[in-house]
Amino acid sequence: MELYKLSLSEIASMIKNKEVRIKEVLDSVYGRIESIDDTLGAYITLCKADAYKRAEILQERLEAGENIGELGGVPIAIKDNICTKDVKTTCASRMLEEFIPIYNATVVQKLEEAGAIILGKTNMDEFAMGSSTETSYIKKTKNPWNIENVPGGSSGGSAVAVAADMAYASLGSDTGGSIRQPASYCSVVGLKPTYGLVSRYGLIAFASSLDQIGPFGKNVKDTALMLNVIAGHDVKDTTSLETETKDYTKALSKEIRGIKIGVPDEFVSEGINGDVKAAYDEAVKKLESLGTKIEHINLEYAKYSLATYYIIATAEASSNLGRYDGIRYGHRAENFNDLEELYRNSRTEGFGEEVKRRIMLGTYVLSSGYYDAYYKRAQCVRTLIINEFKKVFESCDVILIPTAPHTAFKFGEKQENPLEMYLEDIYTVPVNIAGLPAISLPGGFDANNLPIGVQFISNYFEEEKLLNVAYVFEQNTEFKDQKPNI
């Protein structure tokens, strides 16, 4: 078997036991990238020279009997809005086309301390604003299951890199479903941790109260291994919370008998594709057969999550992106007559249409006369949603909902109607509004053999419970074994 086809845990074990040299692993993965990424477009930048230098150093340390870390020698991909020292970090935008950070994001630092090798930076929707990776200024990323279809977004490149065996795992960011939705579209595992569990230091902000870095993996165990490395308090991030260090792989016990699964029937009854609904119903039956107790719940306020999200997210985006003005940060227009024209031309040239749309929306809802009617009211609804989830978790351990209402759509299908595109986030945004952890994993395929994801949500900092339920479901279904033919 080709080395690139193995899981993260398998290749990490082989490296540790000296069954394979780290250079051989890199050769295999970069060979895979070179053979198919011209078609798929998962990567923006490759770190090939640095990766081989690091592989040589790690191999020498391993031969000397040193512990090279939990991810020693394993190649990992990073979303291009997470800062990597001396490597371009563009946010897939013309505005940051030439930006090279002078420091690593905390998560990148932690990966390197654990022995991981950074393969490169992956494509995304511009500034993480989108649900298809179509808003990227750099290129289109294609779904490995059907290259005429989108991979989801905004972390589409990171999902495709894992799904097509061009990385053993990757990092993405999730503001309203940007890890879980592409995980669903590409049939991989994507985890959005509890807000504050993973440092956001070095993540280029979209919406600061919603953004969260998380991992993609080929399976649940690999995802748990990645969380082991990146989780933990960081003094450089004021939203990072102090929590005990855990080994999330130890939670994978294969036993979920007696676990209470909340099923929000009404919430998943409208606007959902028939194949997705059928897969969801099958997932409920499978969990029931595994000894869980199905509790039918009502998420009355969750239906307001989408409107709430797009008010809060755009408001925070308009504030965060205000720094990109042609003077302090980012692209600077060459032609201008005065300061105002410099601002206007730099932002007009530097930002794409979707980013401009969200800046305008955010500026509107924060403006005098509209703040109370929109932003303040959205924050009040946010509190209602948070309290609703807290009440549900008094009687349930985990909630099960679909990850997305449809499977991957074709390029251009929803670009002319932004509202239709936004509706693809209906099942993912409530988690970000509340700051809860959630995981998407393969749950089936539609009539066109496109992947369907199912999503588990747990209470704050209960990732162990969340991962175990997902792991048992994964081990008792066959979907994890099916791979795209590319």
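This one's a predicted model, so the numbers in the text were calculated from it and none came from an experiment.

Reading the values: rules and limits
Residues numbered from 1 in each chain as written. Predicted model: local features only at pLDDT ≥ 70, side-chain atom pairs only at ≥ 80, totals over all residues. Heavy atoms only, no water. Axes fitted to C-alpha atoms, helices over the stretch in contact; angles between N-to-C directions. Helix = DSSP H or I, 4+ residues; strand = E, 2+ residues; numbered from the N terminus. Parallel < 35°, antiparallel > 145°, perpendicular 65-115°, else oblique. Contact = heavy atoms within 4.5 Å. Nonpolar A, V, L, I, M, F, W, Y, C, P; charged D, E, K, R; others polar. Core = buried A, V, L, I, M, F, W, Y, C linked by side-chain atoms within 4.5 Å. Buried < 20%, exposed > 50% of the residue type's maximum accessible area, 1.4 Å probe, protein only. Salt bridge = Lys/Arg side-chain N within 4 Å of Asp/Glu carboxyl O. Pairing = 2+ DSSP bridges. Phe/Tyr/Trp six-rings, centres within 6.5 Å; stacked < 30°, edge-to-face > 60°. Lys NZ or Arg CZ within 6 Å of the ring centre and 35° of its normal. Disulfide = S-S within 2.5 Å.

Participant: Any chance you could explain the packing of helix H4 (residues 106-113) against helix H7 (residues 220-230) here in plain terms?
Facilitator: Relative placement of two packed helices is described by the angle separating their axes and the distance separating the axes. In contact at an axis separation of 8 Å, H4 and H7 are set at 105° when each is read in the N-to-C sense. If you check the angle between H4 and H7, you find them roughly perpendicular. Within the contact between the two elements, H4 uses Val 107, Lys 110 and Leu 111 and H7 uses Met 226, Val 229 and Ile 230. By residue class, the composition of the contact of H4 with H7 is 5 nonpolar, no polar and 1 charged.

Participant: I keep staring at the nonpolar core and nothing clicks. Help me out?
Facilitator: Buried together is how nonpolar side chains tend to be arranged in soluble globular proteins. Ile 11, Leu 111, Phe 127, Met 166 and Phe 456 are the most contacted members of the largest nonpolar core, which has 152 residues in total. For Met 166, the residues in contact, after removing those within four places along its chain, are Val 29, Arg 32, Ile 33, Ile 36, Asp 37, Leu 40, Ala 42, Tyr 43, Leu 119, Val 160 and Ala 161. Ranked by size, the runner-up nonpolar core spans 7 residues in total, among them Val 150, Tyr 185, Phe 411 and Met 421.

Participant: So what exactly am I meant to see when it comes to the pattern of salt bridges here?
Facilitator: By the definition in use, this model includes 24 salt bridges. Here Asp 80 makes a salt bridge to Lys 121, at a shortest N to O gap of 3.2 Å. Separated by 41 residues along the polypeptide, Asp 80 in the loop between strand S2 (75-79) and H4 and Lys 121 in strand S3 (residues 117-122) bring together distant segments of the chain. The same class applies to Asp 80 and to Lys 121, which are both buried. Salt-bridge contacts for Glu 354 lead to Arg 357; the nearest nitrogen and oxygen are separated by 2.3 Å.

Participant: What's the story with the sheet that holds strand S5 (residues 189-192) in this structure? I'm lost.
Facilitator: Paired through their backbone hydrogen bonds, the strands of a sheet run either parallel or antiparallel. Read from one edge to the other, the open sheet built from 11 strands follows the order S1-S3-S2-S4-S6-S5-S10-S11-S9-S7-S8, with strand pairing classed as mixed. Two strands close off the open sheet at either side, each with one partner strand: strand S1 (43-46) and strand S8 (293-296). Adjacent strand axes in the sheet meet at a mean angle of 30°, parallel and antiparallel pairs treated alike. Sitting on the sheet, H4 is in contact with S2, S3, strand S4 (169-174) and strand S6 (212-217), with an inclination near 180° to S2. The strands touched by helix H8 (residues 274-289) are strand S7 (260-263), S8, strand S9 (398-402), strand S10 (438-445) and strand S11 (451-458); relative to S9, the strand with the most contacts, the crossing angle is about 155°.

Participant: Before we go on, may I ask you to explain the packing of aromatic side chains in this structure?
Facilitator: How two aromatic rings sit relative to each other is given by the distance of their centres and the angle of their planes. Counted according to the given criterion, the structure contains 17 aromatic pairs. A centroid spacing of 5.3 Å and a plane angle of 45° characterise the contact between Tyr 371 and Tyr 375, whose relative ring orientation is tilted. Of the aromatic side chains, those joined through ring pairs into one cluster are Phe 127, Tyr 324, Tyr 329 and Phe 351. Between Lys 48 and the ring centre of Tyr 30, over which it is positioned, the NZ or CZ distance is 5.6 Å. Geometry around Phe 409 places Lys 414 over its ring, the cationic atom sitting 5.2 Å from the centre.

Participant: Is there a simple way to think about the state of the cysteines in this case?
Facilitator: As used here, a disulfide is simply a covalent bond connecting the sulfur atoms of two cysteines. Scanning all chains against the criterion turns up 0 disulfides. Lacking any disulfide linkage, Cys 83 is separated from the closest cysteine sulfur, that of Cys 91, by 7.8 Å.

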